[in-house]
There are 2 protein chains.
Amino acid sequence: MKIFRYEDVKALEVDGAPGVTIRWVINEKTGAPNFAMRVFEVRPGAATPYHRHWYEQEMFILEGTGLAVGADGEEPLEPGKVLFVLPYDWHQIKNTGSTTMRFICVIPLRPPQEEKGGETRC
Amino acid sequence: MKIFRYEDVKALEVDGAPGVTIRWVINEKTGAPNFAMRVFEVRPGAATPYHRHWYEQEMFILEGTGLAVGADGEEPLEPGKVLFVLPYDWHQIKNTGSTTMRFICVIPLRPPQEEKGGETRC
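Residues numbered from 1 in each chain as written. Chains lettered and ligands numbered in written order. Predicted model: local features only at pLDDT ≥ 70, side-chain atom pairs only at ≥ 80, totals over all residues. Heavy atoms only, no water.

The helix and strand inventory of chain A stands at zero helices and 10 strands. Along chain A, helices and strands appear, N-terminal first, in the series β-β-β-β-β-β-β-β-β-β. A compact globule built from 122 residues should have a C-alpha radius of gyration of about 14 Å, and chain A, at 14 Å, falls within 12% of that. Across its three principal directions, the C-alpha atoms of chain A cover 35 × 30 × 25 Å. Taking all contacts inside chain A whose residues are at least 6 apart in sequence as the whole, residues at least 24 apart take part in 62%. Only carbon and sulfur atoms are counted for the fraction: they give 49% of the accessible area of chain A, which is about 5500 Å². (Helix = DSSP H or I, 4+ residues; strand = E, 2+ residues; numbered from the N terminus. Rg over C-alpha atoms; globule rule 2.2 N^0.38 Å. Contact = heavy atoms within 4.5 Å. Areas by Shrake-Rupley, 256 points an atom, 1.4 Å probe, with all protein chains shown as cover.)

Here it is, written out as structure tokens:
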């Protein structure tokens, strides 16, 4: 069993998303065989790109307030909200509040049948 | 994209673990193809069983304080702690505080190569 604080993992800038960082808190390097847990931080006024990709995302909002933007419109986000993004769903997370938004996002480590996806995994 | 509050999913008692509940916030019924997100709540003084199983767990402590018990001893838990439980690692979560402990726990939906595991998935 490995136990540590999420802040012990370095926060990396996300390409194409100023004001957004990612910490890969559990991934292949930790020994994970199937899926990775990441912690994102989004500064007030910042947002992830409006994008989609081959993999699903299982997300949980920890702190802050904002909006989830999808093909069907916008939904408010606050701590305790769960988001399930299906493969190829369009999505974006916007911080519309005055404090840092922080959320967990879990994704598979590899495509089904090793199919290759070309996108950045954010 | 599906968005809802974690409390919208029914909390179920966990067999053999009085004072512990589980919410399967994302699973096959939500449309998840690979892994499930659950939210556990542990009452003060309660604990999960000391147990192990074929699948890994990726966990994040949301609220409360307690201990993670493993083969190498105990480690304190508080919000922001990340736990990675490898397949077949012994583990237990104890709430030693005075408030409900709440954590996220993500697990694979099926064994590698459809091997069957017989344990309760908690």
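Our focus in this paragraph is unusual backbone geometry. The phi torsion at Tyr-88 of chain A lies on the positive side, around 70°, for a residue other than glycine. With respect to the secondary-structure elements, Tyr-88 of chain A resides in the loop between strand S8 (81-85) and strand S9 (91-95).

This part covers the relation of the copies chain B and chain A. The operation relating chain B to chain A is a screw motion whose rotation component is 180°, with 0.0 Å of axial translation and a residual RMSD of 0.0 Å. Taken together, the rotation and translation describe the operation of a two-fold axis. (Least-squares fit on C-alpha atoms with pLDDT ≥ 70 in both.)

Attention now moves to the pattern of salt bridges. Evaluation of the coordinates by the stated rule reveals 12 salt bridges over all chains. A salt bridge links Glu-41 of chain B to Arg-23 of chain B; the nearest nitrogen and oxygen atoms lie 3.4 Å apart. Note that Glu-41 of chain B is positioned in strand S4 (residues 35-42) and Arg-23 of chain B in strand S3 (residues 17-26), a separation of 18 residues in sequence. Just as Glu-41 of chain B is buried, Arg-23 of chain B falls in that class too. One salt-bridge network, in which partners are shared between bridges, spans Arg-5 and Glu-7 of chain A together with Glu-78 and Lys-81 of chain B. (Salt bridge = Lys/Arg side-chain N within 4 Å of Asp/Glu carboxyl O. Buried < 20%, exposed > 50% of the residue type's maximum accessible area, 1.4 Å probe, protein only.)

Think of a sheet as strands paired side by side through backbone hydrogen bonds, with each pair either parallel or antiparallel. Residues and elements named next belong to chain B. In spatial order, the strands read S7-S6-S9; together these three strands make up an open sheet with antiparallel pairing. The sheet is open, and its two edges are formed by strand S7 (73-77) and strand S9 (91-95), each paired on a single side. Each strand axis lies, on average, 25° off the axis of its neighbour in the sheet, ignoring direction. Examined bridge by bridge, strand S6 (residues 66-70) and S7 share five bridges and lie antiparallel to one another. Bridging from a neighbouring strand, Leu-67 pairs with Pro-76 of S7. (Pairing = 2+ DSSP bridges. Axes fitted to C-alpha atoms, helices over the stretch in contact; angles between N-to-C directions.)

On the chain A side, the residues contacting the 44 residues of chain B number 44 residues. With both sides pooled, the region where chain B packs onto chain A buries about 3500 Å², and carbon together with sulfur makes up 71% of that total. By the criterion of area lost to chain A, the three top residues of chain B are Met-1, Phe-35 and Phe-84 of chain B, representing 22% of everything that side buries. Where chain B meets chain A, there are two salt bridges. Across the pair Arg-5 of chain A and Glu-78 of chain B runs a salt bridge whose closest N-O atoms are separated by 2.7 Å. Counting the contacts that link chain B with chain A gives 16 residue pairs in polar contact (both at pLDDT 80 or more). Split by residue class, the side of chain B that touches chain A holds 29 nonpolar, six polar and nine charged. (Buried area = accessible area lost by both parts, 1.4 Å probe. Polar contact = N/O pair within 3.5 Å; in protein donor to acceptor, adjacent residues only side chain to side chain. Nonpolar A, V, L, I, M, F, W, Y, C, P; charged D, E, K, R; others polar.)

Here we take up the nonpolar core. Judged by nonpolar contacts, the single largest core of 76 residues is most densely connected at Val-25, Phe-60 and Ile-104 of chain A together with Val-25, Phe-60 and Ile-104 of chain B. Not counting residues up to four positions away in its chain, the partners in contact with Val-25 of chain A are Phe-4, Tyr-6, Val-9, Thr-30, Met-37, Arg-38 and Val-39 of chain A together with Val-82 of chain B. (Core = buried A, V, L, I, M, F, W, Y, C linked by side-chain atoms within 4.5 Å.)

Enumeration over the complete set of coordinates arrives at nine aromatic pairs over all chains. Between the aromatic rings of Tyr-6 of chain A and Phe-60 of chain B, the centroid separation amounts to 5.9 Å while the plane-to-plane angle is 40°, which identifies the pairing as tilted. Note that Tyr-6 of chain A is positioned in the loop between strand S1 (2-5) and strand S2 (12-14) and Phe-60 of chain B in strand S5 (residues 57-63), a pairing that runs across two chains. Accessibility assignment for this pair places Tyr-6 of chain A and Phe-60 of chain B in one class, buried. When the centroid spacing of 5.0 Å and the interplanar angle of 75° are considered together, the rings of Trp-54 of chain A and Tyr-55 of chain A count as edge-to-face. With respect to burial, Trp-54 of chain A and Tyr-55 of chain A carry one shared label: buried. (Phe/Tyr/Trp six-rings, centres within 6.5 Å; stacked < 30°, edge-to-face > 60°.)

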